[in-house]
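Read off the chains here:
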Amino acid sequence: MRLGVSLPFRDLDGTALRADSLTTAASTIETLGYASIWTFDAIGRGFMLPDPLMALAVVAAATTSIELGTGIMQLPIRNVAEVAHRLFTLELMAPGRVLFGVGPGSTEADFSTFGAAYSTRFEVFEAQWTELQSWVAGGSLGDRKLQPWPSVLGGPSLLLAGWRGRWVQRAAAESDGWIASGAYADDDQLSEAIERFRDAGGKRAIVTNVQAGDDLNPTIDRVQRLGDMGFDDVVVGDATASVDRLATIRAAVT
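Structural notes, computed from the coordinates. Keep in mind it's a predicted model, so treat the numbers as computed, not measured.

A word on the overall build of the protein chain. Check the secondary structure of the protein chain and you find nine helices and 10 strands. For 254 residues, the compact-globule estimate of 2.2 N^0.38 gives 18 Å, and the C-alpha radius of gyration of the protein chain, at 17 Å, lies within 12% of that figure. A buried classification covers 52% of the 254 residues belonging to the protein chain. In the protein chain, the share of contacts with a sequence separation of at least 24, taken over all contacts with a separation of at least 6, comes to 71%. Summing over all exposed atoms, the protein chain offers an accessible surface of approximately 11,000 Å²; the carbon and sulfur share of this is 53%. Averaging the coordinates of the 21 positive side-chain charges in the protein chain and doing the same for the 31 negative ones gives two points 3 Å apart.

The next thing to look at is the layout of surface pockets. Its volume calculated, the largest pocket comes out at about 1,000 Å³. Lining the largest pocket are 41 residues, and of these Gly71, Ser106, Ser181, Tyr184 and Asn209 sit closest to its centre. Elements that contribute at least two residues to the lining of the largest pocket include exactly β2 (36-39), β3 (67-74), α5 (121-138), β8 (177-181) and β9 (205-211). Estimated volume of the second largest pocket: approximately 160 Å³.

This next bit is on the packing of α5 against helix α6 (residues 166-174). Closest axis-to-axis distance for the α5/α6 pair is 14 Å, and the angle between their directions is 10 degrees. Viewed along their axes, α5 and α6 adopt a mutual orientation that is roughly parallel. In this structure, α5 uses Phe122, Phe125, Glu126, Trp129 and Gln133 to contact α6, whose residues at the interface are Arg166, Trp167, Arg170 and Glu174.

Looking now at the nonpolar core. Grouped together as the largest cluster of nonpolar side chains are 64 residues, with contacts concentrated most on Tyr34, Leu68, Leu90, Phe100, Leu132, Trp178 and Phe231. Discounting residues that sit within four places of it in the chain, Trp178 has contacts with Leu160, Gly162, Trp163, Val168, Ala171, Ala193, Ile194, Phe197, Arg204, Ala205, Ile206 and Phe231. Counting 11 residues, the second-largest nonpolar core is a separate cluster that includes Ile72, Leu159, Ile179 and Val235.

On to the pairing of β8. With five of its five residues buried, β8 lies for the most part within the structure. Side chains of β8 alternate between two faces, with Gly177, Ile179 and Ser181 and Trp178 and Ala180 buried alike. The pairing of strand β7 (residues 157-161) with β8 spans three bridges and is parallel. From the neighbouring strand, Ala161 faces β8, where its bridge partner is Ile179.

Taken as a whole and assessed by the stated rule, the structure comprises 18 salt bridges. Put simply, Arg2 and Asp233 hold a salt bridge, and the shortest N to O gap is 3.0 Å. Taken together, the residues Arg2 in strand β1 (residues 2-6) and Asp233 in strand β10 (residues 233-237) connect sequence positions 231 residues apart. We classify Arg2 as partly exposed; its relative accessible area is 35%. Here Arg166 ties to Glu126 by a salt bridge, and the two come within 2.7 Å at their closest N and O atoms. Here Glu126 lies in helix α5 and Arg166 lies in helix α6, a separation of 40 residues in the sequence. A relative accessible area of 45% places Arg166 in the partly exposed class. Given the relative accessible area of 24%, Glu126 is considered partly exposed. One continuous salt-bridge network, built from bridges that share partners, spans Arg2, Glu67, Arg204 and Asp233.

Okay, the packing of aromatic side chains next. Counted according to the given criterion, the structure contains seven aromatic pairs. Seen in terms of ring centroids, Phe9 and Phe47 are 6.1 Å apart; in terms of plane orientation they differ by 20 degrees. Their pairing is stacked. Within this pair, whereas Phe9 is found in the loop between β1 and α1 (21-32), its partner Phe47 is found in the loop between β2 and α2 (52-62), the two being separated by 38 residues in sequence. With 5.6 Å between their ring centres and 55 degrees between their planes, Phe125 and Trp167 make a pair best called tilted. Remark: Trp167 occurs in helix α6 and Phe125 occurs in helix α5; sequence separation between them is 42 residues.

About the thresholds
- Residues numbered from 1 in each chain as written.
- Predicted model: local features only at pLDDT ≥ 70, side-chain atom pairs only at ≥ 80, totals over all residues.
- Heavy atoms only, no water.
- Helix = DSSP H or I, 4+ residues; strand = E, 2+ residues; numbered from the N terminus.
- Rg over C-alpha atoms; globule rule 2.2 N^0.38 Å.
- Buried < 20%, exposed > 50% of the residue type's maximum accessible area, 1.4 Å probe, protein only.
- Contact = heavy atoms within 4.5 Å.
- Areas by Shrake-Rupley, 256 points an atom, 1.4 Å probe, with all protein chains shown as cover.
- Lys, Arg positive; Asp, Glu negative; His and termini not counted.
- Charge placed at Lys NZ, Arg CZ, Asp CG, Glu CD.
- 1 Å grid on protein atoms, 1.4 Å probe; cavity = no way out; pocket = protein on both sides within 12 Å on 5 of 7 lines; lining within 4 Å.
- Points joined across faces, edges and corners; volume = space filled by probe spheres on them.
- Axes fitted to C-alpha atoms, helices over the stretch in contact; angles between N-to-C directions.
- Parallel < 35°, antiparallel > 145°, perpendicular 65-115°, else oblique.
- Core = buried A, V, L, I, M, F, W, Y, C linked by side-chain atoms within 4.5 Å.
- Pairing = 2+ DSSP bridges.
- Salt bridge = Lys/Arg side-chain N within 4 Å of Asp/Glu carboxyl O.
- Phe/Tyr/Trp six-rings, centres within 6.5 Å; stacked < 30°, edge-to-face > 60°.

So, in C-alpha cells, the structure goes:
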C-alpha cells in the first residue's frame, strides 16, 4: 500500500498560506517518504483552497519523484479543453507523476459559485469524460486541436471517481484507476465497492479523504484496515497538518 497525503491548505506551522507554503509543504512531504500529494476541488464553501492544477504545478517544481494527484477535479463546472491544456502543462513539468482524478461533483455550492447547473451534472460529465479521454490521448477533439508537445500525449493517468453503482465498474474498464472517498463511504461500503472493482478487472484502487483527528491512532488504524482491504493507495487529509503529525502518520503505516 502506498500512503498519500492532502496538500495542506495552511502553512505547516499552523498559519495561513504564504507564498512559500506550498513548496515547503511539498518538499517536506516528499522527504518524509509519502508516495503522493493530493489537491482537492472546493469552491464557495466558506473557505478557499488553491486551484488544484495550479497548486500541483507549484508542487511539481519543489519535488522530484512523488506522484501528484487531484482527488477530484469537478469537470462539469469547467471547460474540458481548457482543463486539458492545464493538464498537459502539468505533465510537462512532472512527467509520469500526474494522477488526474475527475468526477461529476457532489456539492451544489461549487456549481452555484461557477454558474453551472448542478441538476444536470451527471449527464454533462458523461460527455465530458469521453472528451477528456480524447484530448489526453491525441490532443484533439474532432477538428479542435491543442497541439500539445509530443512527450505529454497520453501521459497523465486518468482516474475516475465514485463508489456507488456503475461508476466502479466504469472506472475498472475505462480509466487508469478508481478513486473512492473515505469521508463519504464507510468501511463496509468501501469493502463492497473494491470487491466489485477487482471483479471488473480494475487495477489501481485509491481511497482519499481519510480524515485525521486530534488523536491520530484511529486514523492510523483505519489506514491499515483500508490497506488490508486491498486498496493500493490511501490518502490522508489533515486540516491541522504539522511536520510532527505528518511524520507520525508516515512512520506508523507499514
